Amino acid sequence: MGSKPVSIHGQWSSRWAFTLAATGSAVGLGNIWKFPYITGENGGGAFVLVYLVCIALIGIPIMMAEVMLGRRGRQSPVNTMKALALEAGQSPYWKWLGGLGMVAGFLILSYYSVIAGWALAYVFRTAFGVFTLATPKGVDSIFAHFIAAPEGLLFWHTLFMVMTMIVVARGVQGGLEKLVKFLMPGLFIMLVVLVGYAMNSGDFIQGLHFLFYPDFSKITRNGVLIAMGHAFFTLSLGMGAIMVYGSYLPNHASIARTSVIIALADTLVALMAGMVIFPIVFANNLQPGSGPGLIFQTLPLAFGHMPGGAFFGTLFFILVTFAAWSSSISLIEPAVAWLVENRGVSRIHASVTMGILCWLFGFLTIFSFNLLANFTPLDMFEHFKGKTLFDLLDYLTSDIMLPLGGFLIAIFSAWIMKREASRDGLEMEEGLAYMSWRFLVRYITPIAVMIVFLRAIEVI
Ligand code: PFF
């Protein structure tokens, strides 16, 4: 089949635009909100090491595979998988792999938008000086009151969802590409400034020690699963977001080089976020394992005590919101592209429909922090004890659906697709680079995902 020239949804204006958009998708709440708190909960350095190994050995090769599949199929993940399966003489039911991803993206966005709403709310709180000279207890109680009131959370969730759907409705170049071109450089500059701040006023050495000194006694089987799941989550892999972005990529752009750049940028941002947050945590005797509220309980404290803190704090939460924004659009893009292709509706119609459904689903997450905070329906399983609906959604998507999607993408691109087709799709010569990619995707990814799954459920 050779690649089609362009997708019906449009195309990025250049390889660089794709790199920014994919980096925009990768860099998000996963880096600034989730990475620090799960690192905190799972004991630090050893967890970070497992995560880095997963990025290098699983993340980069799967990213290459997803971009390649997308560019070769040039449609939404569901239809791309179907077309490529037929091309390889296999069952069209491979389209369900695209379907699994679409559902995962939808579920993730339903809670992602709620958390992005927190960041949005904190933009205004910091700007109005709510945290000026606040004590650690004060900051904690502001956060506790905030998440206890569903109406407030609903308001911010709604606002963020509307922001997301407006961009998606405007299309590939007019919406997605325009947004990321401005956001990404700003985010990076801001992080550099904050690392500088943490060096001067936090307990930087203890922060670094926590982040980089591996104490293997602290990591559990489940911790390894969480690290692997997070490698998928942070690189936006396993659900078709990068695949659909790849379907808008012009031909003759190096997939390998671009994937490495995206993964490096994403990892750098996560580590820098850790270098900002942990020094502040330790300098103020806070708990690194305090869960999803971590950045909302630590950073306002730092901003409340630094010169110009209201300004920097506001800017920081604006940038967290922006990072989330450039990711949220990619979470829903596979579903929107699919609706346009299969139902023949306009892009605007598709965006509104998906946006409303996702918004409604977000109520489950909102209530997990207040009305349903004690609703932990899977308590009968030791593994899920005490987990709210939000915790379960996060676990199901990041730790099960994304690695499973990645596993199947690996199987498809290295076992089902013909060798020439994948080489042609990646535009690589038969040589060491291609052979290493194929080896990793053919053996390492599937075996690693299986082992981690089986160990997490204590079969081996
Ligand atoms: N990579 C995003 C983050 O780290 O915040 C989250 C995400 C976006 C996950 C898109 C999956 C995805 F398809």
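Residues numbered from 1 in each chain as written. Predicted model: local features only at pLDDT ≥ 70, side-chain atom pairs only at ≥ 80, totals over all residues. Heavy atoms only, no water.

Student: Which parts of the structure should I look at to understand the environment of S327?
Tutor: Positionally, S327 belongs in helix α14 (residues 309-343). S327 gets classed as buried once you look at its relative accessible area, which sits at 3%. Between the C-alpha atom of S327 and that of L107, which follows or precedes it by 220 residues, the distance is 14 Å. In this structure, S327 is in contact with G24, S25, V27, G28 and Y112, ignoring residues within four places of it in sequence. In this structure the side chain of S327 is engaged in a polar contact, spanning 3.4 Å, whose partner is the side chain of Y112. (Helix = DSSP H or I, 4+ residues; strand = E, 2+ residues; numbered from the N terminus. Buried < 20%, exposed > 50% of the residue type's maximum accessible area, 1.4 Å probe, protein only. Contact = heavy atoms within 4.5 Å. Polar contact = N/O pair within 3.5 Å; in protein donor to acceptor, adjacent residues only side chain to side chain.)

Student: Looking at this structure, how should I read the site of the ligand?
Tutor: Every one of the 15 residues lining the ligand counts as a neighbour, but A26, G30, Y112, F233 and M239 are closest to it. Y112 has a polar side-chain atom sitting 2.5 Å from an oxygen atom of the ligand. When the free accessible area of the ligand is taken as 340 Å², the share hidden by the protein chains comes to 100%. When residues of the shell around the ligand are traced back to their parent elements, those giving at least two are α1 (15-26), α2 (29-41), α10 (221-234) and α14. Of the residues assigned to the shell around the ligand, the class counts are seven nonpolar, eight polar and no charged. (Near = heavy atom within 4 Å. Areas by Shrake-Rupley, 256 points an atom, 1.4 Å probe, with all protein chains shown as cover. Nonpolar A, V, L, I, M, F, W, Y, C, P; charged D, E, K, R; others polar.)

Student: Please clarify how a nonpolar patch on the surface should be interpreted in this entry.
Tutor: A cluster of nonpolar side chains, namely W415, F439, Y443, I447 and I451, defines an oily patch on the protein surface of about 490 Å² accessible area. Top contributing element to the nonpolar patch by residue count: helix α18 (residues 432-456), with four residues. For Y443, the location among the structural elements is in helix α18. (Patch = residues over 30% accessible without salt bridge, like charges linked within 9 Å, V, L, I, M, F, W, Y side chains within 5 Å. Salt bridge = Lys/Arg side-chain N within 4 Å of Asp/Glu carboxyl O.)

Student: Help me out: how do you make sense of the pattern of salt bridges in this one?
Tutor: As a working rule, side chains carrying opposite charge can pair if their charged atoms are close by. Counted by the stated rule, this structure contains nine salt bridges. Shared partners join several salt bridges into a network, and the residues in it are R72, E87 and D424.

Student: Just to check I follow, could you spell out the packing of aromatic side chains for this structure?
Tutor: Geometry of an aromatic ring pair is reported as the spacing of the ring centres plus the angle between the planes. Taken as a whole, this structure holds 35 aromatic pairs when the rule is applied. Between W118 and F143, the ring centres sit 5.4 Å apart and the planes meet at 75°, which makes this aromatic pair edge-to-face. Of this pair, W118 sits in helix α5 (residues 95-127) while F143 sits in helix α6 (residues 136-148), placing them 25 residues apart in sequence. Residue W118 is classed as buried on the basis of its relative accessible area of 1%. Above the plane of the ring of W415 lies R442, whose end atom (NZ or CZ) is 3.7 Å from the centre. (Phe/Tyr/Trp six-rings, centres within 6.5 Å; stacked < 30°, edge-to-face > 60°. Lys NZ or Arg CZ within 6 Å of the ring centre and 35° of its normal.)

Student: In this structure, what is going on with the side chain of R438? I would like to understand it.
Tutor: Counting through the fold element by element, R438 comes out in helix α18. We note that R438 is buried and unpaired, the nearest opposite charge coming from E430 at a distance of 7.0 Å. When sequence neighbours within four positions are dropped, the list of residues in contact with R438 reads A414, R419 and S422. (Lys, Arg positive; Asp, Glu negative; His and termini not counted.)

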